[in-house]
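Here is what each chain is made of, one letter per residue.
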2 protein chains.
Amino acid sequence: MQAVLFVSHGSKSPKARQEVDALAARLSASLAPVIFESAFLDVDKPSIPEGLEACVKRGADRITVLPNFLNSGRHVLEHVPAIVQKFESEHPGVVCRLLPHIGSHEEMDRLYLDLIKQTSC
Amino acid sequence: MQAVLFVSHGSKSPKARQEVDALAARLSASLAPVIFESAFLDVDKPSIPEGLEACVKRGADRITVLPNFLNSGRHVLEHVPAIVQKFESEHPGVVCRLLPHIGSHEEMDRLYLDLIKQTSC
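Residues numbered from 1 in each chain as written. Chains lettered and ligands numbered in written order. Predicted model: local features only at pLDDT ≥ 70, side-chain atom pairs only at ≥ 80, totals over all residues. Heavy atoms only, no water.

*Asks:* Can you lay out the relation of the copies chain B and chain A for me, pointing to particular residues and giving the numbers?
*Replies:* With an RMSD of 0.0 Å, the fit of chain B onto chain A corresponds to turning through 180 degrees and sliding 0.0 Å along the axis. Read as a symmetry element, the transformation amounts to a two-fold axis. It is B:L70 whose C-alpha, among those of chain B, lies nearest the rotation axis, at 3.6 Å. Same-surface contact between copies: 100% of interface residues of chain B are shared with the interface of chain A. (Least-squares fit on C-alpha atoms with pLDDT ≥ 70 in both. Contact = heavy atoms within 4.5 Å.)

*Asks:* Pulling in residues and values, what's your account of the packing of aromatic side chains?
*Replies:* Taken as a whole and assessed by the stated rule, the structure comprises four aromatic pairs over all chains. Here A:Y112 and B:F6 contribute two aromatic rings whose centre-to-centre distance is 5.3 Å and whose plane-to-plane angle is 80 degrees, an arrangement assigned as edge-to-face. Of this pair, A:Y112 sits in helix 4 (residues 108–119) while B:F6 sits in strand 1 (residues 2–8), placing the two residues on different chains. Both residues of the pair, A:Y112 and B:F6, belong to the buried class. Site record: aromatic cluster; members linked through ring pairs are A:F6, A:F36 and B:Y112. (Phe/Tyr/Trp six-rings, centres within 6.5 Å; stacked < 30°, edge-to-face > 60°. Helix = DSSP H or I, 4+ residues; strand = E, 2+ residues; numbered from the N terminus. Buried < 20%, exposed > 50% of the residue type's maximum accessible area, 1.4 Å probe, protein only.)

*Asks:* Residue-level account of the interface of chain B and chain A, with values.
*Replies:* In this complex, chain B contributes 47 residues to the contact, which on the side of chain A involves 48 residues. Roughly 4,200 Å² of surface becomes buried between chain B and chain A when both sides are summed, with 67% attributable to carbon and sulfur atoms. On inspection of chain B and its partner chain A, the count reaches four salt bridges. Of the charged contacts in the structure, one is a salt bridge between B:D109 and A:R26, with a shortest N-O distance of 2.5 Å. Those elements that place two or more of their residues in the side of chain B that touches chain A are strand 1, helix 1 (14–31), strand 3 (62–68), helix 3 (74–90) and helix 4 (108–119) of chain B. Among the elements that take part in the side of chain B that touches chain A, helix 4 of chain B stands out by supplying twelve residues, more than any other. (Buried area = accessible area lost by both parts, 1.4 Å probe. Salt bridge = Lys/Arg side-chain N within 4 Å of Asp/Glu carboxyl O.)

Function-wise, these values are silent; they only describe arrangement.
Here it is as structure tokens:
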């Protein structure tokens, strides 16, 4: 069974956490009945291993991990992949697939330009 | 004359910096002849005041500031606005307008779902 784990950085700001939770709830509803869990690299909980574990407990054996990051910093290139690989090595029946980070989506440029054009002074 | 200042967080990762620079170059080309500058809240340079100053030196008196952030954490809600407001108070002839952060664009949900659907296992 497939699952999606949505991985955000985590923030000290309650407002940022509310936004991520609301976004995760919308994505979960859109993807249902696919198993969907949300996790955080740092600051917030659940952690990435906890999120992966939650997917497995719900019956997932294929987990698609979506990094909610704008750029290929060390979090995207090193930290998240290392955590996912460690989990995979400890769970031989589970296959994880790491998606590109959201900032790499080909339509992002258009969204930046659209924001500027919608609201410029 | 109008300008756009593109404000990113800044990163210790050279790859992330390259991505932001490439994105800024594409946005600049798309918005030409509008003055376009890129700046960073932390880690990288130019700083936000340096970026705003660069816009003014190029003749801008209206500066649209686009925060390249996914969530309304303290950077978006407090740090960037405070820096922009301080600059405005020190430059009475210049009007700055702070746009919503990119993560708040109404089409973001669709991009997350699209990434998942394009590439899920």
